[in-house]
Amino acid sequence: MHAILTVFLKEVRESLRDKRTLWSALGFGAIFSPLLFAAILSFTIKRNDPLNDKPVELAVAHTERAPNLVDHLVEYGITVEPVTYDDAAARAAIQDHRHKLVLMIPEDYATRLAAGQPAPLQLYSDSSDQTADRDVRRTRNVLAGYGAVISRLRLVARGVDPTTVVPIAIHDVDVSTPASRSVIALGTVSVFIFMSLFMGGMYLAIDATAGERERGSLEPLLTVPVRRDHLIYGKILAASAFMALSLVVSVAALSIVLRRVGLEGLGMSVNFGPLTALLIVLCCLSLIPFCASIMTIIAAYTRSYREAQTYLGLITVIPILPMMFASMMGLRPNAVLMATPTLSQHFLITSLLRDEAMSPGFVGLSVGVSLGLGAVLAAIAGRLYHREALLG
Amino acid sequence: MIEVNGISKRFGAVEAVRDVSLRAADGRITGLLGPNGAGKSTTLRILYTVIRPDSGDALIDGTSIVREPLEARRHIGVLPHSAGIYQHLTARENILYYAALHGLSRAESQSRADELIEMLDMQDFASRRAKKLSQGQKMKTALARALIHRPRNVLLDEPTNGLDVMAVRNLRTLLMRLREQGHCVLFSSHVMQEVAALCDDIVVIARGNVVATGSPDALRERLGQSDLEEAFVRLIGNAEGLE
């Protein structure tokens, strides 16, 4: 049996017996990440969904001064609550959170309207209150609509065709599909997949290097007639195996959760069946040697187990930032991005979830560059193990 | 048979080992005696090829540790400073892992492991996870692991550290047995009595230099001291005086 295989089997066996390694490999991917994802998702759905149907509650001071306006408001689904505030009382009512919105109809409203002059209306709200935003917007729209009706009537009364004052007409044509609308939510899917993948191999990578040195088992290991780079390849291979395991588990769990939670509530559909899950796993497998080697190199350089843990924790965050950035900025794949490990896999995952075609060249680039860099890094790790400083 | 010819090793500004030469013959126990920090461990680490000397060379049964470290490792069994066995593996699995790394066949590994487990009286705990073993049991496991490939030369770095009286006695018996079988045994210690009780040859190291070599009797005679401890103190004192 080759020494690389011997080391690989020993590391795997030892890790399977170590609860912490096993938990970080399976616990995070299988339990924590899908649960967190489901929580985020259902929170988003709740915030977007039922609020849209809730009527706007509007306190109106002096309804008697504008009965037609009040009828219009009611007609457009606004719940009008008559109040008898003056300016100070209206401000106080907003500040005390008794009302989100107060509409004040001044005394001269009716006379100015009748005279064809701009009729004043005061809308009190607190712009720092995010939840009032939607109510303010809707109320303004309804009020503007009322104004438009009056202006059309005035034009007609003066014998002018109202369309002459509408020189342009904008129509929004939304071509997003339900699958593409879910992209922002799905941008986080790749984050969770990568986190699970990293966590899966992290403890093994630390244990096999910094941990082994700290427990004093590295020195005897270096006295066996095996090339030092072969020892490290066996360890990288073992970390890779745990990463792959964690990857499979987390993708499967996310697939199940996503189909259960249902993005239909957000007006989105998602393409995350078993085939997509399989393709996602295949795309991410090419990333594993890269991640395993990086972790091993870093852990081999650090002086202690705890230090390695700190650095690897930080490293985990690095690929996540560009991913978040890419999904928020709506970046499209190009040759440079597709040659960047982790980011390219993010694009592959996203396009699979959106059910979009990805050019085979880009797929090849992503897989090729990731595997190539993985090989280079593994070789660097091998060289590193020839250094005496390794013994600490 | 181990022949060390003028090895030196420097760590930054510290000259850990300076032109050290010594011989450890087959069928004899050679003790590397010296105070802490004298360069004993560095000398042993160079011999078991974990670090390379800056200059000089050593031959293990005629194989150079500098030119052919991989081949030299086949001829040595090593018990380093800390036992360093794997916590989640059983004592037996720890031994078998090294058997596989030494390229032993499965059948050979098993029979050799059985043999060592019996020889070291490990039957009671051979299938227990290493984290549940006592210091003495861990030391036995590490020793069995070091002997799995039947090395002719056995190197031990402060093997009695952290062991209780019984475990030290067991180790002593074992080292004598290895001597009877014709092995070359080289071990380091800072405990004078231990070396005096066990060694056929003593190499005294202080400040990275070999300050004296010879049998315990020869050393006593040379220094005109009937007590070996006195002799040892004078040697170290002289060495310090040279600085």
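A.B. asks: Any chance you could explain the sheet that holds strand β5 (residues 63-64) of chain B here in plain terms?
C.D. replies: All names here are of chain B. In spatial order, the strands read β2-β1-β4-β5; together these four strands make up an open sheet with antiparallel pairing. Strand pairing shows two members of the sheet lacking a second neighbour, β2 (14-24) and β5, which therefore form its edges. Pairing geometry for strand β1 (residues 2-11) and strand β4 (residues 55-60), over five bridges, is antiparallel. Paired with E3 across the two strands is L59, which belongs to β4.

A.B. asks: I keep staring at the interface of chain A and chain B and nothing clicks. Help me out?
C.D. replies: Reports of interface size often rely on the accessible area that becomes lost once the parts have come together. Across the contact, 19 residues belong to chain A and 22 residues belong to chain B. For the side of chain A that touches chain B, the elements supplying multiple residues, two or more each, are α1 (3-17) and α9 (218-221) of chain A. Here the side of chain A that touches chain B gets five residues from one element, more than from any other, and that element is α1(A). The class makeup of the residues in the side of chain A that touches chain B is eight nonpolar, four polar and seven charged.

A.B. asks: Even after reading the chapter, I still don't get the environment of A:E219, so can you show me in this structure?
C.D. replies: Structurally, the position occupied by A:E219 is in helix α9. In this structure, the C-alpha to C-alpha distance between A:E219 and A:L391, residues 172 residues apart in sequence, is 7.2 Å. With residues near it in sequence (within four places) discarded, A:E219 still touches A:L391, B:V50, B:P80 and B:G84.

A.B. asks: Looking at this structure, I do not really get the nonpolar core. What am I missing?
C.D. replies: In summary, soluble globular proteins display a tendency toward joint burial of nonpolar side chains. Counting 150 residues, the largest nonpolar core has A:A239, A:C291, A:M295 and B:V204 as the members making the most contacts within it. Take this core: its biggest share by element is 16 residues, from helix α10 (residues 228-261) of chain A. Look past the residues within four positions of A:C291 in its chain and what remains in contact with it is A:L197, A:F198, A:G201 and A:M243. In terms of nonpolar packing, the next biggest core, distinct from the first, is built from 18 residues, A:V60, A:A66, A:A90 and A:M104 among them.

A.B. asks: How should the sheet that holds strand β7 (residues 153-157) of chain B be read in this particular structure?
C.D. replies: To summarise the sheet geometry, strands pair through backbone hydrogen bonds and adopt either a parallel or an antiparallel arrangement. Residues and elements named next belong to chain B. The strand order β6-β7-β8-β3-β9-β10 describes an open sheet built from six strands, whose pairing is mixed. Among the strands making up the open sheet, the edge pair consists of β6 (76-79) and β10 (209-214). Mean inter-strand twist for the sheet, computed between neighbouring axes without regard to direction, equals 15°. Where strand β3 (residues 28-33) and strand β9 (residues 201-206) come together, four bridges link them in parallel fashion. Paired with L33 across the two strands is V204, which belongs to β9.

A.B. asks: Hey, could you run me through helix α17 (residues 360-384) of chain A in this one?
C.D. replies: Given 3.6 residues per helical turn, the α-helix brings residues three or four places apart onto the same face. Taking 1.5 Å per residue, 25 residues should reach 36 Å; α17(A) reaches 36 Å between its end C-alpha atoms and fits that length. Along α17(A), the residues classified as buried are A:S366, A:S370, A:G374, A:L377, A:A378 and A:A381.

A.B. asks: Which parts of the structure should I look at to understand the confidence of the model for chain B?
C.D. replies: Low-pLDDT stretches of the model should not have their predicted coordinates read in fine detail. Residues and elements named next belong to chain B. Residues with a pLDDT of 70 or more make up 96% of chain B, whose mean pLDDT is 89. Element-level pLDDT for chain B is lowest in helix α9 (residues 228-242), with a mean of 64, against a maximum mean of 95 in helix α3 (residues 91-101). Across residues 239-243 the pLDDT falls below 50, and counting only partners more than four positions away or on other chains, this stretch makes five contacts in the model. Two numbers describe this predicted complex: its pTM, 0.77, and its ipTM, 0.91.

Reading the values: rules and limits
Residues numbered from 1 in each chain as written. Chains lettered and ligands numbered in written order. Predicted model: local features only at pLDDT ≥ 70, side-chain atom pairs only at ≥ 80, totals over all residues. Pairing = 2+ DSSP bridges. Helix = DSSP H or I, 4+ residues; strand = E, 2+ residues; numbered from the N terminus. Contact = placed C-beta atoms within 7 Å. Nonpolar A, V, L, I, M, F, W, Y, C, P; charged D, E, K, R; others polar. Core = buried A, V, L, I, M, F, W, Y, C linked by C-beta atoms within 7 Å. Buried ≥ 20, exposed ≤ 12 C-beta atoms within 10 Å, placed from the backbone. Axes fitted to C-alpha atoms, helices over the stretch in contact; angles between N-to-C directions. Expected span 1.5 Å × (residues − 1). pLDDT = per-residue confidence, 0-100.

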